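For reference, the chains in residue letters:
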Amino acid sequence: MKPSRAQLEDVLSTIRAARYADIRFTETHQQHVKVRNGEVDHLSSTVDRAIGVRVLVGNGWGFAASSDTSEASLRATAKRALEVAAASNIASTQTITLSDVEARIASWSSKYDVDPWSIPIERKIEHLMHATEPMRGDPRIHQASGEISCYRQNKVFASTDGSHIEQTTTEMGGGIEAVAIDGGEFQRRTYPNPFGGDFQAEGWEFIERLDLAGKGLQIRDEALSLLSAPKAPAGRFDLIIGSSQLALQVHESCGHPTELDRAMGLEISLAGGSFLQPEMLGNFRYGSDLVTIVADATIPGALGTFAFDDDGVPAQRFPLIDRGLFVDYLSGRDTAPIIGRRSNGTVRAESAARIPIIRMTNINLEPGSTPLADVIADTKHGIFVDTNKSWSIDDLRLNFQFGCEIAYEIENGRLGRLLRNPLYTGITPEFWRSCDAVADRASWQVWGLPNCGKGDPMQTMRVAHGAPAARFRSVEMA
Amino acid sequence: VKSESESFEILDRALRAANADEADAVLLSVDQNISRFANSNLHQNMSEISAGLTLRVIVNGSMGVASTSSFDDDEIARTAALAREAAKHSDPLQNFTGLYRDLPDPLPLRTFDERTAHISPAEKATSLRAIFDAHRDVQFAGSYATSASSAACANTHGIRRYAPLTFADATVIALHSKGSGYATRCARLVDDVDILALGDEATFKATLRLDTVEDIEPGAFDVILEPPALAEVFEWLTMIAFTGQSYEDGSSFLVDHIGKRVAGENFTLADDAADESFLPFPFDLEGLPKFRVPLIERGIAHPPMVDKAYADRLGFPPNGGAWHLGASDHGTAFHIALAGGDTTREEMIRSTKRGIWVTRFNYVNGLLEPKTALMTGTTRDGTFLIRDGEVAARLPNLRWTQSMIEAISNIESLTKERRRVATWYNMFGGTIAPTVKIKNWNITGKQGAGA
C-alpha cells in the first residue's frame, strides 16, 4: 500500500532526465454523520489512496497520478510524468527557477486527545440527536439537523533534493442548523458556522467543546424570530462584523488575492486573478493601520497547520498585511523567484492525485486592543452582522458582496432590533481602509474552512482563519 | 480505464461481500489529461488514472454507504463492513420499495470516441503552441482537458450497466491590456472542440471596441446573456430548487408550485441526457435509463430530480437523478438543457435600444434568498454596452443581484443556436443553452466601485 522509503528513492533515481522530481503518497480517511429531523440522514465512510509524481524537465512540468499505489503503478506513473513534461516543453515559453530548499528527513503528526475513529458511530448519532431534538416541534421549523465529520490524511513526500517527509493530520468538524419557513420567507441559523460547522485539527474533544446541545434552542429561536424581523436596511452604515463572518471576509478579500499564482495570472482561467500586483509590494495601502494580517501555518490545532508544505518547505509565520501595508504573498518554490523571493511554504495539494499549488494556510487578522463591548458602545448608529449566508467576489477580488444569517441594529452604543437578510458590499482596499476598530483577543477565534476550492481539476483545501470582530465605517448595505 | 469485464468483476465481488438484504455498487474510472496555460505558456500539465468503488447496502430498510479506491478482497470486505455498520445505525428509508428491478434497456447512445480517448498530451500542446503563436497581441490563459472514463453500476436484483465515455473541454481567455475575452467548448469528441477557433473567438472578444470604454450607473437593463453565463446560473438553480432534498426540506421554490406557472411561456428547462447533440449518457448510477425530464415546461413547474429513495419518499415517479449513491441531494440534474428560440445573437443586439451583452459570469452565489432564487455575481471577460442596436462600448465588470424567478419570467427572446458548457463537478454532462435576452436585469455595482 504505502511505498517504502527505499522504493521511493529507487524510483526517483530512475527519473534522470528531470531537473527536479518528487513523489507523494496519500491515504485519506473520511467519515460523515448527519442527522435531520430525528433521522439519520447520511452516514458514510470513504478511503482514498493515491500516488503522484511531479517532474521538471527543461522548463516543462509534468505530473501524473494514480489510485493504484502498487510499485509497478508507481514506476508507470513516473514514466507518464516524464511524457507529460516532454509535452509541456512544446508549449512552454518561460524559464522556471526553483527557490532553494534544505533536504529534510522528518515525521510529524497533528495532536489530538481522543481519536475521532475511537468514538462509536452510535455515540456520534446520539450526540447529534441530543443536540437537535429540542429544536423540533414548531411547525415552522422545517429542518433541525446536525453533522459530524472526521478526517485523517497520511502523506509521504520524497524528492530528488533528498527529502523524505511523512505527515499525518487528524481533524474533526461539527455543527447544527435550524431552517425556518413561513410562507415565502426562509431563514437558516447555524452554529457555530454554516456548511458543516467549525473544524479543527483535533479529536473528539473538539466536538465536546462545541457544546452543540447547549446552542440548539438559541439558533432555533433566532431562525423563528428572523422570519418576522424587518429586512436589514439599504444605505451606508457603520458595520461591526462578528468573528465568524470576518474570517470569511479575510479568506475572500485577503487570502485569495495574496496568492502569488493568482497575481501572476496562473489561475485566471478558473478562479481569476488578483488586484494585488508585485509592484505594489511594500508600498500599497491595503487597509488602515489597525489591519495586520498574517499567514501562520504553525498554529496548533488549526486546519492550515502542517510541518512542511508539498514542496518540502517548512511551515512558516509571516505578515501579508503589516499595519495596513501590503508586504508579502503566499508563494511556492517555482513562483517566489519570479518576484525575487524564496518560497514561504504554502504549496499544498488536496491529495497525491493533484498538483500542489499555492493554498492559504491559517490567514489571520490579528486582534486589536479594544473589547468588543466597547466597540459596540462606541458606535452611535450602525449594524452588527455575523455568520455567512452568501459570498461573491469579482475575478480580481475587488468588488465583493456578502450575505449574513443575522444582523442587529446598533443605536446609541447598544444592540437593538433583530434584522433579516443583511447584504453588505464594497471594494476590498476601500473596505479595509475604513476599518477603525479591531476588537481584542477575547473575540478572536480560529475558524476551520474545509472547502476552499481552487485549481483544475478542482481541489478542495482545508484552511483556517483567525479573526476578531471589527468595525468598518460607512459600508454600503444592499 | 476499466473495461466492462474488469468493472463487473469488481462490482460482483462487492455485491457478494455486501451480505445485505439489497445492495448496489458503482465503479467509476478515469484517464484524464488537463493542460493549463497562462501568459501564453503551458504551466501545468497533469495526467491521472484513477478508479473508485462505492457500495451501498440496504439492511432492514436502512441504507449505508462506503467507498474506496482499492479493490482487493480485504479492502472490499472492509468497505462492505463499513457500509453495513452505517446501515445498522440509520433509520429505515420512508416508503422505500427497494432498489430497481426489471428495468428496460437504456437507449443506445454514442458516448465514446477512440480518438478523444487516445489524443496525446504532445498533440494538445502542439495545438496550444499554435494559438500562442497565432495571436501575439494578446496573452492566453485557459485549459484544454480530455478524458476517457468508464461508469458501471450493478445491484443485487440483476441490474447491470456499463458505459465508456469520452469528454473534451477547452476554455480560452485572451488578455489584452485594456480587456479580456473568453471562449469555451465541450463535447464527447475532441474533434468537435476546435482550440484554434476558440483562440480566435476569445481574441475577438478581448479586442472588440477597445477604442471606446464607457461606464454605467447601476439600474435595470436589458441583458443578452451567452451560454457560459446562463450555465453558472442554472447550476445554482439546480442546487437550490431542482434536487429532491431542496424540495423535501421546503427551500425550493417548486414547493406548492408544481403544475403552476413559474416562468414565461418561452422558458423550458429539462434534464436531458438522452439528447445526442448534448452530452449523452444512457443511465443514472442506480441504473435507471435516462430520458428527458422536464423541470419547467413552457413556464409550468414540474417535480424535481429524485433518486429512488426520494422518488418513493416524495411520491414522484423515478426520473434518473442519482449520480452519487446515498448523497444528500437525493437527486440532481446533471444534463441541464434550456430550450432554444428562433432568433440570433445578432438580431438580439440589433433589437436592443440600450442594454448589456454579457459573455460570462464570475462567482455566482445562489444562497441569498432561495425562495425567490435571489442570486448575485459579477460579469467578466467581455461585457459590452449596446446602444441603438450596435455594440457601442466596452464596460467594466459589473455586479448584479437578481431574482431568477423574475428573470425567467422576463425573457424576451432566445437564440435558435445552443452551446454546450462544461462544469467542474460533473463528468457526465453539463449545460446546453441558447443565448438569452432578458429584460430588467438588476445591475448593482461595478468592479471599481461599491454595489
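Nothing here was measured: the structure is a model prediction, and the numbers come from that model. (Residues numbered from 1 in each chain as written. Chains lettered and ligands numbered in written order. Predicted model: local features only at pLDDT ≥ 70, side-chain atom pairs only at ≥ 80, totals over all residues. Heavy atoms only, no water.)

1. Some words on the overall build of chain A
No. 1: When helices and strands are tallied, chain A shows nine helices and 23 strands.
No. 2: Projected onto its principal axes, the C-alpha coordinates of chain A cover approximately 70 × 55 × 35 Å.
No. 3: In chain A, which comprises 478 residues, the share counted as buried stands at 67%.
No. 4: A sequence separation of at least 24 residues applies to 74% of the contacts in chain A between residues at least 6 apart.
No. 5: Here chain A displays about 15600 Å² of accessible surface, and carbon together with sulfur accounts for 50% of that area.
No. 6: A gap of 1 Å separates the mean positions of the 49 positive and 61 negative side-chain charges of chain A. (Helix = DSSP H or I, 4+ residues; strand = E, 2+ residues; numbered from the N terminus. Buried < 20%, exposed > 50% of the residue type's maximum accessible area, 1.4 Å probe, protein only. Contact = heavy atoms within 4.5 Å. Areas by Shrake-Rupley, 256 points an atom, 1.4 Å probe, with all protein chains shown as cover. Lys, Arg positive; Asp, Glu negative; His and termini not counted. Charge placed at Lys NZ, Arg CZ, Asp CG, Glu CD.)

2. A short note on the pairing of strand β12 (residues 354-369) of chain B
Residue and element names in this part refer to chain B.
No. 1: Most of β12 is tucked away: 13 of the 16 residues are buried.
No. 2: Two strands pair when backbone bridges link them, and strand β7 (residues 219-225) and β12 are joined in this way by four bridges, in the parallel orientation. Of the residues in β12, the one forming a bridge with Ile224 is Trp357.
No. 3: Here β12 pairs with strand β13 (residues 374-387) via 10 bridges, running antiparallel. Across the sheet, Ile356 pairs through a bridge with Leu385, a residue of β13.
No. 4: Between β12 and β13, which pair antiparallel in sequence order, lie four residues; one of them, Ala373, sits at a positive phi of approximately 50°. (Pairing = 2+ DSSP bridges.)

3. What about the interface of chain B and chain A?
Frequently, the measure chosen for interface size is the accessible area that the parts lose on association.
No. 1: Listed by partner, the interface residues are 80 residues for chain B and 79 residues for chain A.
No. 2: Counting the surface lost from both chain B and chain A, the interface buries some 6500 Å², and carbon and sulfur atoms represent 48% of this.
No. 3: It is Arg36(B), Tyr363(B) and Gln447(B) that lose the most area in chain B upon contact with chain A, and together they represent 10% of the buried surface on that side.
No. 4: For the pair chain B and chain A, the number of links is six salt bridges.
No. 5: Here the element with the most residues in the side of chain B that touches chain A is strand β2 (residues 41-59) of chain B; it accounts for 11 residues.
No. 6: Residues that form the side of chain B that touches chain A fall into these classes: 27 nonpolar, 36 polar and 17 charged.
No. 7: Relative to β2(B), strand β3 (residues 60-66) of chain A is paired through four bridges, and the arrangement is parallel. Residue pairing across strands places Ser66(A) opposite Ile49(B), the latter belonging to β2(B). (Buried area = accessible area lost by both parts, 1.4 Å probe. Salt bridge = Lys/Arg side-chain N within 4 Å of Asp/Glu carboxyl O. Nonpolar A, V, L, I, M, F, W, Y, C, P; charged D, E, K, R; others polar.)

4. As for the nonpolar core
No. 1: Grouped together as the largest cluster of nonpolar side chains are 126 residues, with contacts concentrated most on Tyr286(A), Tyr424(A) and Trp441(B).
No. 2: With eight residues, helix α6 (residues 227-241) of chain B is the single largest residue contributor to this core. (Core = buried A, V, L, I, M, F, W, Y, C linked by side-chain atoms within 4.5 Å.)

5. Quick notes on the packing of helix α1 (residues 4-18) of chain B against helix α2 (residues 73-88) of chain B
Residue and element names in this part refer to chain B.
No. 1: Relative orientation of the contacting elements α1 and α2 amounts to 50°, with a least axis distance of 9 Å. Relative to α2, the element α1 is oriented oblique. For the pair α1 and α2, the crossing hand works out as right-handed. In contact with Ile10, Arg13, Ala14, Ala17 and Ala18 of α1, α2 contributes Asp73, Ile76, Ala80 and Arg84. (Axes fitted to C-alpha atoms, helices over the stretch in contact; angles between N-to-C directions. Parallel < 35°, antiparallel > 145°, perpendicular 65-115°, else oblique. Left-handed = near helix turned anticlockwise from the far one by under 90°.)

6. Topic: the pairing of strand β5 (residues 141-159) of chain A
Residue and element names in this part refer to chain A.
No. 1: Along β5, 18 of the 19 residues are buried, which leaves the element largely enclosed by surrounding structure.
No. 2: Relative to β5, strand β1 (residues 20-36) is paired through 15 bridges, and the arrangement is antiparallel. Looking at the pairing, Gln30 lines up with Tyr151 of β5.
No. 3: Relative to strand β6 (residues 164-182), β5 is paired through 17 bridges, and the arrangement is antiparallel. When the sheet's bridge partners are listed, Gln153 is paired in β6 with Thr169.
No. 4: Following β5, the chain reverses through four residues before pairing antiparallel with β6; Gly162 in that reversal takes a positive phi of roughly 100°.

7. Remarks on α2(B)
No. 1: With 16 residues, α2(B) extends 22 Å from end C-alpha to end C-alpha; this agrees with the ideal 22 Å at 1.5 Å per step.
No. 2: Among all positions in α2(B), only Glu75(B), Ile76(B), Thr79(B), Ala80(B), Ala83(B), Ala86(B) and Ala87(B) are buried. For α2(B), the angular spread of the buried residues around the axis is 140°, confining them to a single face. Opposite the buried face of α2(B), by more than 90 degrees, sit the exposed residues Asp73(B), Asp74(B) and Lys88(B).
No. 3: Looking at the buried side of α2(B), the elements it contacts are β2 (39-57) of chain A together with α1, β2 and β3 (62-68) of chain B.
No. 4: The N-cap residue of α2(B) is Asp72(B): its side-chain oxygen and the backbone nitrogen of Asp74(B) are 3.2 Å apart. (Expected span 1.5 Å × (residues − 1). Arc of directions from axis to C-beta. Polar contact = N/O pair within 3.5 Å; in protein donor to acceptor, adjacent residues only side chain to side chain.)

8. Some thoughts on the sheet that holds strand β11 (residues 317-322) of chain A
For sheets, the rule is that strands pair by backbone hydrogen bonds, running either parallel or antiparallel.
All names here are of chain A.
No. 1: Read from one edge of the open sheet, four strands run β12-β11-β10-β15, paired in antiparallel fashion. Here the strands that pair on one side only, and so sit at the sheet edges, are β12 (325-326) and β15 (363-365).
No. 2: Pairing analysis gives two bridges linking β11 to β12, with the strands arranged antiparallel. By the bridge assignment, Asp322 is partnered in β12 with Leu325.
No. 3: Along the sheet, helix α6 (residues 243-255) makes contact with β10 (293-296), β11 and β15, crossing β15 at roughly 120°.

9. Considering the environment of Phe237(A)
Residues and elements named next belong to chain A.
No. 1: Mapped onto the fold, Phe237 is located in strand β9 (residues 235-241).
No. 2: Its relative accessible area of 11% is what places Phe237 among the buried residues.
No. 3: In this structure, the C-alpha to C-alpha distance between Phe237 and Pro422, residues 185 residues apart in sequence, is 12 Å.
No. 4: When neighbours within four sequence positions are excluded, Phe237 is seen to be in contact with His381, Ile383, Phe472, Arg473, Ser474, Val475 and Met477.

10. Focus on the side chain of Glu259(A)
Residues and elements named next belong to chain A.
No. 1: Looking at the element boundaries, Glu259 is found in the loop between α6 and α7 (260-263).
No. 2: Here Glu259 falls in the buried class, since its relative accessible area comes to 0%.
No. 3: A polar contact is formed between the side chain of Glu259 and the side chain of His256, at a distance of 3.1 Å.
No. 4: Here Lys454 takes part through its side chain, which lies 3.1 Å from a polar atom of the side chain of Glu259.

Shape descriptors only; they carry no functional weight alone.
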